[in-house]
Amino acid sequence: MSPDPRPILEPSAVRLGLQAKDKADALRQCGEVLTEIGAASSAYADAMLEREKSVSTYIGEGVAIPHGTNESREHIERAAIAYLQFPQGVDWDGNAVHVCIAIASRSEEHVDILQSLATVLMDPESAAALREASSIDDVIALLTPQA
């Protein structure tokens, strides 16, 4: 099987200006995007909710990185991440989350993007730019690993 030619973060997986009633609603939206782009099945989306019950995926700077359980990897079609922006914020166990980076990955394909995300979050200005991005191109530029 040849590797999927699509990038891990594709423009169709970037969603700006969303609203969510609560954390569960935000997680459902994350799962829906991963399902819509053909990265995972609805069973994987359900596993994202399960994962969150045992371990919070909030990582700081208004960002959460929801993903499924190890057991749910069989429901992943291809490696992908999705960026979902919630400008009003979502209560995430007492933290305000403005951005969810939803991950579907069976192995380490997403690590480069997570390294880029870590770099962005270490710089307060870049972290603010990620939370307040106003275009898909801005999001892709911030999260695409620099060669």
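Above: the structure in question.
Residues numbered from 1 in each chain as written. Predicted model: local features only at pLDDT ≥ 70, side-chain atom pairs only at ≥ 80, totals over all residues. Heavy atoms only, no water.

A.B. asks: What's the story with the overall build of the protein chain in this structure? I'm lost.
C.D. replies: From N to C terminus, the protein chain includes five helices and five strands. Reading the secondary structure of the protein chain in the N-to-C direction produces β-α-α-β-β-β-β-α-α-α. A compact globule built from 147 residues would reach a C-alpha radius of gyration of about 15 Å, and the protein chain, at 14 Å, matches this within 12%. Each principal axis of the C-alpha atoms in the protein chain carries an extent, and together these give about 40 × 35 × 20 Å. (Helix = DSSP H or I, 4+ residues; strand = E, 2+ residues; numbered from the N terminus. Rg over C-alpha atoms; globule rule 2.2 N^0.38 Å.)

A.B. asks: Sorry, what's going on with the sheet that holds strand S4 (residues 80-92) here?
C.D. replies: To summarise the sheet geometry, strands pair through backbone hydrogen bonds and adopt either a parallel or an antiparallel arrangement. Read across the sheet, five strands follow the order S1-S4-S5-S3-S2 without closing on themselves; strand pairing throughout is mixed. Looking at strand neighbours, the two that pair on one side only are strand S1 (14-15) and strand S2 (58-60), the edges of this open sheet. Of the pairings in the sheet, the one linking S4 to strand S5 (residues 95-104) comprises nine bridges and is antiparallel in character. By the bridge assignment, Ala 80 is partnered in S5 with Ala 104. The strands that helix H1 (residues 23-36) touches are S1, S4 and S5; relative to S4, the one it contacts most, it runs at about 160°. (Pairing = 2+ DSSP bridges. Contact = heavy atoms within 4.5 Å. Axes fitted to C-alpha atoms, helices over the stretch in contact; angles between N-to-C directions.)

A.B. asks: How should I be thinking about the nonpolar core in this particular structure?
C.D. replies: General note: in soluble globular proteins, nonpolar side chains tend to be found buried as a group. If you look at the biggest cluster of nonpolar residues, it comprises 43 residues, and the most contacted ones within it are Leu 9, Leu 34, Tyr 83 and Ile 101. Mapped onto this core, the elements with two or more residues apiece are H1, helix H2 (42-54), strand S3 (63-64), S4, S5, helix H3 (111-122), helix H4 (124-131) and helix H5 (136-143). Ranked by residue count, the leading element in this core is S4, at eight residues. For Leu 34, the contacting residues outside a window of four places in its chain are Ala 39, Ala 40, Tyr 44, Met 48, Ala 80, Ile 81, Ala 82, Ala 102, Ile 103 and Ala 104. (Core = buried A, V, L, I, M, F, W, Y, C linked by side-chain atoms within 4.5 Å. Buried < 20%, exposed > 50% of the residue type's maximum accessible area, 1.4 Å probe, protein only.)

A.B. asks: Can you walk me through the side chain of Arg 51 in this structure?
C.D. replies: Its location among the elements puts Arg 51 in helix H2. The buried charged residue Arg 51 lacks any salt bridge partner; its closest oppositely charged side chain belongs to Glu 71, at an N-O distance of 6.5 Å. (Lys, Arg positive; Asp, Glu negative; His and termini not counted. Salt bridge = Lys/Arg side-chain N within 4 Å of Asp/Glu carboxyl O.)

A.B. asks: I'm lost on the side chain of Arg 78 in this one. Help?
C.D. replies: Relative to the helices and strands, Arg 78 resides in the loop between S3 and S4. Overall, the relative accessible area of 6% leaves Arg 78 in the buried class. Within the structure, Arg 78 has its side chain in polar contact with the side chain of Glu 10 (distance 2.8 Å). (Polar contact = N/O pair within 3.5 Å; in protein donor to acceptor, adjacent residues only side chain to side chain.)

A.B. asks: How should I be thinking about unusual backbone geometry in this particular structure?
C.D. replies: The phi torsion of most residues other than glycine is negative, and most of the peptide bonds are trans. The phi torsion at Glu 61 lies on the positive side, around 55°, for a residue other than glycine. If you trace the backbone, Glu 61 turns up in the loop between S2 and S3. Its identity as a non-glycine residue notwithstanding, Asp 93 has a phi of 55°, on the positive side. You can see Asp 93 is positioned in the loop between S4 and S5. Exposure remark for Asp 93: the relative accessible area of 51% places this residue in the exposed category.

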